Amino acid sequence: MMAAPLEVLSIIIGWTYFFLWSFSFYGQVVLNFRRKRVDGLSMDFTWLNSFGHGSYAVFTTAMFFSAEVRRQYREHNDGHDSSVRANDVAFAVHAFTLATITLLQTFWYPRAPDQRLSNFNRILLLAFGTFCVVDLTLVASRVEQVLPFLNHLSYFKLYVSIAKYVPQAWLNYQRKSTVGWSISNILLDFSGGVLSLAQLFLDSWLARDWTSITGNPVKFGLSFLSILFDMLFILQHYVFYRHTREKPDMEGATETAEEGAVGEQLHDEQTPLLRDASSRSLLALAT
């Protein structure tokens, strides 16, 4: 009798974290639009984020809608069904769309001279694209089933979830600032990650089947890694670099509060000197 209410709870949790994770993408898009610039945003993060969510969108869509893929999954998991839900599909497609918009913004708005995709990730994405072409060729020639290809996409997404945050965290550390990096994105992502883990464990417990976790490692990994990195970004924003904030200057550009404070200090120090110099000049003219 408890199963039905808990199944409803699982659905509620799933759609709640869908909305939290989905809304988290808008913070960076809106921030870029308001600033009309993208300095402070890692190019490695934006490229990996778009490719990663694209891979996850293909994986979840096929796992949820394809009867053949679900059959192959049951064959490899002792007759158990995949734990991919409708909210997983909706999130993946929406995330890919917003991540791609963020990537396109980096081409539209000005960025720093050294703000570019690293050679390592450039080669990685090229290799991944080549691997996908080879994988799809094997599927088309019936040498390989579709499920292994989809699993490869999910593993790439899992890797991206680790790799994409590292350049951004390092960039924040180098700049000693989180200016240009949306904290609302992080807070919503953290909340969604906690709920996603809760749904995964609840579904496994209801089904008395813990292969829902081992059979869908990307969902477990995504939630767990998101929580860890989000905690790091929260510490960077509110603890380590809390004195560095952005404020508009007189011409509509931006500067950090820390830079502004330094400028005001220099101005205060130079003002008495300028006054003394002006007084001496007037005295010399008078004599």
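Model, not experiment: these values are computed from the prediction.

Calculation rules
Residues numbered from 1 in each chain as written. Predicted model: local features only at pLDDT ≥ 70, side-chain atom pairs only at ≥ 80, totals over all residues. Heavy atoms only, no water. Helix = DSSP H or I, 4+ residues; strand = E, 2+ residues; numbered from the N terminus. Buried < 20%, exposed > 50% of the residue type's maximum accessible area, 1.4 Å probe, protein only. Areas by Shrake-Rupley, 256 points an atom, 1.4 Å probe, with all protein chains shown as cover. Patch = residues over 30% accessible without salt bridge, like charges linked within 9 Å, V, L, I, M, F, W, Y side chains within 5 Å. Salt bridge = Lys/Arg side-chain N within 4 Å of Asp/Glu carboxyl O. UniProt positions renumbered as here; feature names shortened; annotations may be inferred. Core = buried A, V, L, I, M, F, W, Y, C linked by side-chain atoms within 4.5 Å. Contact = heavy atoms within 4.5 Å. Phe/Tyr/Trp six-rings, centres within 6.5 Å; stacked < 30°, edge-to-face > 60°. pLDDT = per-residue confidence, 0-100. Axes fitted to C-alpha atoms, helices over the stretch in contact; angles between N-to-C directions. Parallel < 35°, antiparallel > 145°, perpendicular 65-115°, else oblique. Left-handed = near helix turned anticlockwise from the far one by under 90°. Nonpolar A, V, L, I, M, F, W, Y, C, P; charged D, E, K, R; others polar.

(A) Highlighting the overall build of the protein chain. Across its full length, the protein chain holds eleven helices and two strands. Within the protein chain, buried positions represent 44% of all 287 residues. Accessible surface, the protein chain as shown: approximately 15700 Å² in total, 68% of it carbon and sulfur.

(B) Broad picture of a nonpolar patch on the surface. On the surface, a nonpolar cluster with roughly 580 Å² of combined accessible area is contributed by Ile11, Trp15, Phe19, Phe23, Tyr26 and Val30. By the secondary structure assignment, Ile11 is in helix α1 (residues 3-35).

(C) Layout of the UniProt feature "transmembrane region" (unreviewed entry) in the protein chain. The sites that UniProt annotates as "transmembrane region" (unreviewed entry) are residues 12-33, 45-69, 89-108, 120-140, 178-202 and 222-241. Helix makes up 100% of residues 89-108 and strand makes up 0%, while its end C-alpha atoms are separated by 29 Å. Along residues 178-202 the backbone is 80% helical and 0% strand, and the end-to-end C-alpha distance reaches 35 Å.

(D) Here's a closer look at the nonpolar core. In this structure, Met63, Phe91 and Leu150 are the most contacted members of the largest nonpolar core, which totals 32 residues. Put simply, the parts of the chain that give this core at least two residues each are α1, α2 (43-65), α3 (67-76), α4 (86-108), α5 (119-140) and α6 (146-163). For this core, the element with the most residues is α6, which contributes seven residues. Leave out the neighbours within four places in its chain, and Leu150 touches Val58, Phe59, Ala62, Met63 and Val69. Listed in part, the nine residues of the second largest apolar core include Tyr165, Ala169, Trp181 and Phe229.

(E) Just the side chain of Asn121, in detail. Inspection of the secondary structure puts Asn121 in helix α5. Filtering out sequence-adjacent residues up to four positions away, Asn121 remains in contact with Asp44, Leu48 and Tyr159.

(F) Structural detail: the environment of Asn87. When you line up the elements, Asn87 lands in helix α4. Classification of Asn87 as buried rests on a relative accessible area of 4%. Put simply, Asn87 and Thr16 are 71 residues apart on the chain and 9.2 Å apart in space, counted from C-alpha to C-alpha. Residue contacts for Asn87: discarding those within four places in its chain leaves Gly14, Trp15, Tyr17, Phe18 and Gln199.

(G) Highlighting the pattern of salt bridges. Summed over all chains, the structure comprises four salt bridges. The residue Arg35 makes a salt bridge to Asp39 at a minimum N-O spacing of 3.3 Å. On the basis of relative accessible area, Arg35 is assigned to the buried category, the value being 9%. According to the relative accessible area criterion, Asp39 is buried, its value standing at 16%. Of the charged contacts in the structure, one is a salt bridge between Arg71 and Glu68, with a shortest N-O distance of 2.4 Å. Of this pair, Arg71 and Glu68 both sit in helix α3, three residues apart, roughly one helical turn. Given a relative accessible area of 32%, Arg71 falls into the partly exposed group. Within this structure, Arg35, Arg37 and Asp39 form a network of salt bridges that share partners.

(H) Quick peek at the packing of aromatic side chains. If you walk through the whole model with that rule in mind, you get 15 aromatic pairs. The interplanar angle of 15° and the centroid separation of 6.1 Å between the aromatic rings of Tyr56 and Phe59 together place this pair among those described as stacked. Highlighted residues: Tyr56 and Phe59, both in helix α2, separated by three residues, approximately one helical turn. Among the residues examined, Tyr56 registers a relative accessible area of 3% and is labelled buried. Ring geometry for Phe128 and Phe156: centres 3.6 Å apart, planes at 10°, overall stacked. Of this pair, Phe128 sits in helix α5 while Phe156 sits in helix α6; the two residues are 28 residues apart in sequence, bridging distant segments of the chain. On the accessibility criterion, Phe128 (12% relative accessible area) is buried. Looking at Phe156, the relative accessible area reads 8%, which means it is buried.

(I) Region of the structure containing the confidence of the model for the protein chain. Across the protein chain, the average pLDDT comes to 78, with 78% of residues at or above 70. Counted against residues more than four places away or in other chains, residues 281-287, with its pLDDT under 50, gives zero contacts.

(J) Summary view of the packing of α2 against α5. Between α2 and α5, whose axes approach to 11 Å, the crossing angle comes to 15°. With respect to each other, α2 and α5 are oriented roughly parallel. For α2 against α5, the interelement crossing comes out left-handed. Contact residues: α2 offers Asp44, Trp47, Leu48, Phe51 and Ser55, while α5 offers Asn121, Leu124, Leu125 and Phe128. When grouped by side-chain class, the residues that make up the contact of α2 with α5 number six nonpolar, two polar and one charged.

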